[in-house]
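Coordinates in review
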Amino acid sequence: MSRYNVKENEARWQRAWEEVGCFEVEADPAREKYYVLEMFPYPSGRIHMGHLRNYTIGDVVARYKMAQGFNVLHPMGWDAFGLPAENAAMDRGVHPAEWTYANIDAMREQLKTMGLSIDWSREIATCHPGYYRHEQAMFLDFVEQNLAYRKEAWVNWDPVDQTVLANEQVIDGRGWRSGALVEQRKLPQWVFRITAFADDLVDAIESLDRWPDKVRLMQRNWIGRSEGARMFFEIEGRGERLEVFSTRPDTIFGASFCALSPHHPLSEELAERSPDLHAFLKECERLGTSEEAIERAEKRGYDTGLKCINPINGERMPLYIANFVLMEYGTGAIFGVPAHDQRDLEFARKYELAVRPVVLPPSADPASFEVGDEAYVGPGALFNSDFLDGLDVDSAKRKIIERLETLGAGEGTVQYRLRDWGVSRQRYWGCPIPMVHCPDCGLVPVPKEQLPVTLPDDVDLSTPGNPLERHPTWKHTTCPKCGTAAVRETDTFDTFVESSWYFARFCSPRAEGAMDRGEVDYWLPVDQYIGGVEHAVLHLLYARFFTRALKQCGYLGVDEPFAGLFTQGMICHETYKAPDGKWLSPAEVERGGDGGLVDLEGRAVERGRVEKMSKSKKNTIDPTAIIEAYGADTARWFMLSDSPPDRDMEWTEAGVEGAYRFVQRLWRIVDEMLDDLPPAESSPPQALTKAAMDLRRTAHKAVETVTGDVDSFRFNRAVARIYELTNALAAFKPEDAGDRWAQREATEFLVRLIAPMMPHLAETLWARLGHGEMLVNHAWPKADPTLTVEESVTVAVQVNGKLRAKVELPRDAEEAQAQEAALAQPAVRKALGEKAPRKVIVVKNRIVNVVA
RNA sequence: GCGGGCGUGGCGGAACCGGUAGACGCACGGGACUUAAAAUCCCGGUCCUUAUGGAGUGUGGGUUCGAGUCCCACCGCCCGCACCA
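Since we're looking at a predicted model, the values are computed, not measured. (Residues numbered from 1 in each chain as written. Chains lettered and ligands numbered in written order. Predicted model: local features only at pLDDT ≥ 70, side-chain atom pairs only at ≥ 80, totals over all residues. Heavy atoms only, no water.)

Re the overall build of chain A
Across its full length, chain A holds 25 helices and 37 strands. In terms of overall dimensions, chain A has a C-alpha envelope of 105 × 90 × 65 Å along the principal axes. Relative to its full complement of 852 residues, chain A shows a buried share of 53%. Expressed as a percentage of contacts within chain A between residues at least 6 apart in sequence, the contacts between residues at least 24 apart total 71%. In the form shown here, chain A has an accessible surface area of approximately 38800 Å², with 48% of it arising from carbon and sulfur atoms. Averaging the coordinates of the 101 positive side-chain charges in chain A and doing the same for the 130 negative ones gives two points 3 Å apart. (Helix = DSSP H or I, 4+ residues; strand = E, 2+ residues; numbered from the N terminus. Buried < 20%, exposed > 50% of the residue type's maximum accessible area, 1.4 Å probe, protein only. Contact = heavy atoms within 4.5 Å. Areas by Shrake-Rupley, 256 points an atom, 1.4 Å probe, with all protein chains shown as cover. Lys, Arg positive; Asp, Glu negative; His and termini not counted. Charge placed at Lys NZ, Arg CZ, Asp CG, Glu CD.)

Topic: the protein's contact with RNA strand B
Near RNA strand B you find 49 residues, and of these Thr 247, Arg 417, Arg 717, Glu 724 and Arg 846 are the closest. Each atom of RNA strand B within 4 Å of the protein was assigned to sugar, phosphate or base; sugar and phosphate come to 63%. In this structure, Asn 727 approaches RNA strand B through a side-chain N or O atom, which is 3.4 Å from a phosphate oxygen. The leading source of residues in the surface near RNA strand B is helix α21 (residues 715-731), at six residues. Of the residues belonging to the surface near RNA strand B, the class tally is 20 nonpolar, 11 polar and 18 charged. (Near = heavy atom within 4 Å. Polar contact = N/O pair within 3.5 Å; in protein donor to acceptor, adjacent residues only side chain to side chain. Nonpolar A, V, L, I, M, F, W, Y, C, P; charged D, E, K, R; others polar.)

Concerning helix α5 (residues 129-144)
The terminal C-alpha atoms of α5, which comprises 16 residues, lie 22 Å apart, in line with the 22 Å expected from a rise of 1.5 Å per residue. Looking at the residues trailing α5, positive phi occurs at Asn 146, about 65°. (Expected span 1.5 Å × (residues − 1).)

A look at empty space enclosed by the protein
Under the criterion given, the structure shown has three cavities of 30 Å³ or more. Considering only enclosed or pocket space, the second largest cavity measures out at about 160 Å³ in volume. Arg 63, Ala 67, Ala 755, Leu 775 and Val 776 are the residues nearest the centre of the second largest cavity, which is lined by 16 residues in total. Looking at the lining of the second largest cavity, the elements that each hand over two or more residues are α2 (49-67) and α23 (759-768). Tallied by class, residues from the lining of the second largest cavity come to 12 nonpolar, one polar and three charged. (1 Å grid on protein atoms, 1.4 Å probe; cavity = no way out; pocket = protein on both sides within 12 Å on 5 of 7 lines; lining within 4 Å. Points joined across faces, edges and corners; volume = space filled by probe spheres on them.)

Notes on the side chain of Gln 568
Topologically, Gln 568 is positioned in strand β27 (residues 565-568). Polar side-chain contacts of Gln 568 include one of 3.2 Å to the backbone oxygen of Gly 50.

Thoughts on the packing of helix α19 (residues 653-673) against α23
Look at α19 against α23: their axes get within 11 Å of each other, and the N-to-C directions meet at 5°. Regarding the angle of α19 to α23, the classification is roughly parallel. Here Val 663, Leu 666, Trp 667, Val 670 and Asp 671 of α19 lie close against α23, whose contacting residues are Leu 761, Thr 764, Leu 765 and Arg 768. Partitioned by chemical class, the residues of the contact of α19 with α23 number six nonpolar, one polar and two charged. (Axes fitted to C-alpha atoms, helices over the stretch in contact; angles between N-to-C directions. Parallel < 35°, antiparallel > 145°, perpendicular 65-115°, else oblique.)

A closer look at the packing of aromatic side chains
Taken as a whole and judged by the stated rule, the model has 46 aromatic pairs. With a centroid separation of 4.8 Å and 45° between ring planes, the pair formed by Phe 347 and Tyr 351 is classed as tilted. Taken together, the residues span about one helical turn, with Phe 347 and Tyr 351 both in helix α11 (residues 342-351) at a distance of four residues. The class of Phe 347 is buried, set by a relative accessible area of 0%. Taken together, the ring pairs in this structure connect Phe 139, Phe 142, Trp 190, Phe 192, Phe 197, Trp 421, Phe 493, Phe 496, Tyr 542, Phe 545 and Phe 546 into an aromatic cluster. Note that Arg 193 overlies the ring of Tyr 149, its terminal NZ or CZ placed 4.1 Å from the centroid. The side chain of Arg 488 reaches across the aromatic face of Trp 474, ending 5.8 Å from its centre. (Phe/Tyr/Trp six-rings, centres within 6.5 Å; stacked < 30°, edge-to-face > 60°. Lys NZ or Arg CZ within 6 Å of the ring centre and 35° of its normal.)

Re the pattern of salt bridges
Inspection of the entire model under this criterion finds 40 salt bridges. The salt bridge involving Arg 356 is made with Glu 315; its shortest N-O contact spans 3.0 Å. Within this pair, whereas Arg 356 is found in the loop between α11 and β16 (359-360), its partner Glu 315 is found in the loop between β13 (301-309) and β14 (316-322), the two being separated by 41 residues in sequence. For Arg 356, a relative accessible area of 25% corresponds to the partly exposed category. Two residues, Asp 460 and Arg 470, come together in a salt bridge whose shortest N-O distance is 3.8 Å. In this pair, Asp 460 is assigned in the loop between β22 (442-445) and α13 (467-470) and Arg 470 in helix α13, connecting sequence segments 10 residues apart. For Arg 470, a relative accessible area of 33% corresponds to the partly exposed category. Here the salt bridges do not stand alone but share partners, grouping Asp 200, Arg 544, Arg 548 and Glu 560 into one network. (Salt bridge = Lys/Arg side-chain N within 4 Å of Asp/Glu carboxyl O.)

Digging into the confidence of the model for chain A
Considering every residue of chain A, the mean pLDDT works out to 88; 96% of them sit at 70 or more. Taking the mean pLDDT of every element in chain A, the minimum, 34, falls on helix α10 (residues 291-295) and the maximum, 98, on strand β2 (residues 71-73). For residues 288-296, every residue scores under 50 in pLDDT, and the model assigns this stretch four contacts once sequence neighbours within four places are set aside. (pLDDT = per-residue confidence, 0-100.)

Here we look at the state of the cysteines
Scanning the model with the defined rule gives zero disulfides in all. Between Cys 438, a free cysteine, and Cys 479, which holds the nearest cysteine sulfur, the sulfur-to-sulfur gap is 3.6 Å. (Disulfide = S-S within 2.5 Å.)

What to know about the nonpolar core
Core analysis: the biggest nonpolar cluster contains 182 residues, and Phe 192 and Trp 651 have the highest contact counts within it. With near-sequence residues (within four places) excluded, Trp 651 lies in contact with Met 49, Leu 52, Ile 571, Cys 572, His 573, Met 613, Ile 621, Ile 626, Phe 638, Met 639 and Val 656. Grouped together as the second largest cluster of nonpolar side chains are 47 residues, Phe 253, Leu 260, Leu 345 and Phe 369 included. (Core = buried A, V, L, I, M, F, W, Y, C linked by side-chain atoms within 4.5 Å.)

Points about the environment of Arg 829
In this fold, Arg 829 is placed in helix α25 (residues 826-832). On the accessibility criterion, Arg 829 (54% relative accessible area) is exposed. Taking the C-alpha atoms as reference points, Arg 829 and Leu 319, separated by 510 residues in sequence, lie 81 Å from one another. Those residues in contact with Arg 829 that lie beyond four places of it in its chain are Leu 823 and Ala 824.

Details of the environment of Lys 299
The residue Lys 299 is located in the loop between α10 and β13 in this model. Beyond its immediate sequence surroundings of up to four residues, Lys 299 is in contact with Asn 323, Phe 324, Arg 343, Glu 346, Phe 347, Lys 350 and Tyr 351.

A word on the sheet that holds β22
The four strands lie next to each other as β22-β21-β24-β23, forming an open sheet whose pairing is antiparallel. At either end of the open sheet lies a strand with only one pairing partner, and these are β22 and β23 (476-478). Sheet twist, expressed as the mean angle between neighbouring strand axes with direction ignored, is 40°. Summarising the sheet, β23 and strand β24 (residues 485-488) pair through three bridges and their orientation is antiparallel. Counterpart to His 476 in the pairing with β24 is Val 487. (Pairing = 2+ DSSP bridges.)

As structure tokens, then:
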């Protein structure tokens, strides 16, 4: 029996596609475009399973849309600046540029073995001056538009990476990359004014209807827009007013205390004269932001002894310093309304402060309503609130803000959790910030015609800190304005800056300017963006900001970069532990004689949980080894089988082998029928046998369902449908010419349906079926709607909701006919016994339920 | 603590809008072919029960002629945020 030669065929088609250049595209206003983009990889040197899944999904979409006639842009590039290159330089003495470009070459080769429909003529690397020069120009435009500025700021300092991190990059008080505890330092920083678009960024989430709800919610929470009021409380005996922010100004009559953040300037001032308070502040700090501490977080406060005056009713109330008030949000001071805020309530109970309800739940009695252990945060009518009495919460908010404004005691305002994006990094391998510090003129932008400011090649990376800062000559220059000696900015950009606009550069990757307006107008936005959910906040938010900023500067015309977003799940694998407790890689484990697992020396191995692939647990699989052993089609097919693409999937050897068997099986099925098939493009015979009609129906139905499944990213279901068609085809035994014609039709459908998923096998089979032109240029199959409906249907018959029989009925049979057939069933009569049916429910083509 | 999601055979998962639960695959068992093995092909399989029949989608209630699907409460797991005033 002959077998499909995977290696030979995969290489052959990859060459053939490249020769005709079928994935190289041009803008064509006469055709509808479709832009498919997977998140571009960091060139670490090797692709991993996450890449394999990401690019398989993207390739299915790209090839499918191509078959549907779209002009498909599907580019690839490299997110090439970043720390690992500098680490490699330190560890191995290789230059970051050399290391990076070598990695790019290696990974390009690996990706090419996957058989992706990439337009490689558009390849870009962000570390190339031809790329980052435009980023520098954008920055200068941003500065001009007041979208980038410099400020002295407390920053998160990563002592291991020796760099600044954005708030978004600090996770649990640790650097997102190094994991080191982050310190607070004050540094001059370049900052992007992302908050200028805060409103629009949050409002436009509504329009991103092809994004996962989960990601939209995460973005909304991250921006954290809240409407409320700022108001001023006099502090008795001091000539100053305390500024407080609240989202519930309507509850002001229920206020029974005010509280400051431990980091509030007033707290710090008071602490100077009070050792007790000083100790309390220290204690709050020690509580820190660690998860464990917050879990035990008990509301605690320190009574300053000072009194504040409620600006609305003149009431005196105590001023506390409380551990649950954040300096970073609002004004760092609150007024507490225990009846309507859970934290305030817990605080009030502890310090025996008044709990006075001012919002009455809909059907509650004002005379008896009390708040117990739970604050009331729902809707209702105001009471105990003077001029607000009787109003609903929203009206009360409006009215109290009005009053505050006429009294000059406050105003309505909007607060965001989002803060501006600090982009300065004290790094070598990043894009230089094109600014000059002149002793006479101050900060002077590098004129655009002098761009790019390139990195020096000769750097010393042997010690931590910024190599550009200590380079002997690089930073010394002359002021572009006055010509006197000056120094360059030695900070480089956060690498999230490069990935904030690369999707736009792909539209015209070799353009003189950053982007050709005609090209970006044609191609943008990205129709389908695909990547890991780990970028749900940072990267996607930055790219959305950048797109708005670039629009404001006239680069492009869209607001949103990604019209559709799909986030894939992670790849998991079993873990293995040796007797000594060390993790073992799958390659170090084999099946022992008694069915258990043993290591290479024959010692028993403990089978661990299925976990996300990670180097630390040693449960990674190298995708290139899989492609080498089974071929790209097998790897792709298994990636798409079984698990829905947005969920985590488990990678198993048995699963890969199953996929490989399917590849061989398909080839064999086609191979065995080849000799007897009618020629390609034969016209259909006059009459077909029932068996042939059934096969046709199965095939057309498969086209219909697979199309729907691919459209909605349900690849696992599409795979199941394809298996069904394959099984039907394998079971089909043709007896006449008509049968063989139907067999060819079904086979060709099958081959075309698998084409986006297993493109090499599909091309091979297509050619063997006698077609001269490559399948890659072929349209997606179309189902004949008259063939996708069955002539007869199986209808379930229930008695009192229990299944008793099944009857075969013509499609769309009349109710009376269905009822009659159902009642005639022996099993139904038996179940009814003596009783006469009280009622019969008939749902066409589905069910008959007899109620006794 | 808040917000979101999920819970279906040995496993991954199907099940459109409330209408035959378990498609399809993996693993497993049996058989055919083979000197033998691999490969391949055929058959089987939620559980209890003797066929009949009964139970069954995390648990307990409810709505309905009918619930994996809707509602309420609870249990468990996962993700996000970190007291956001």
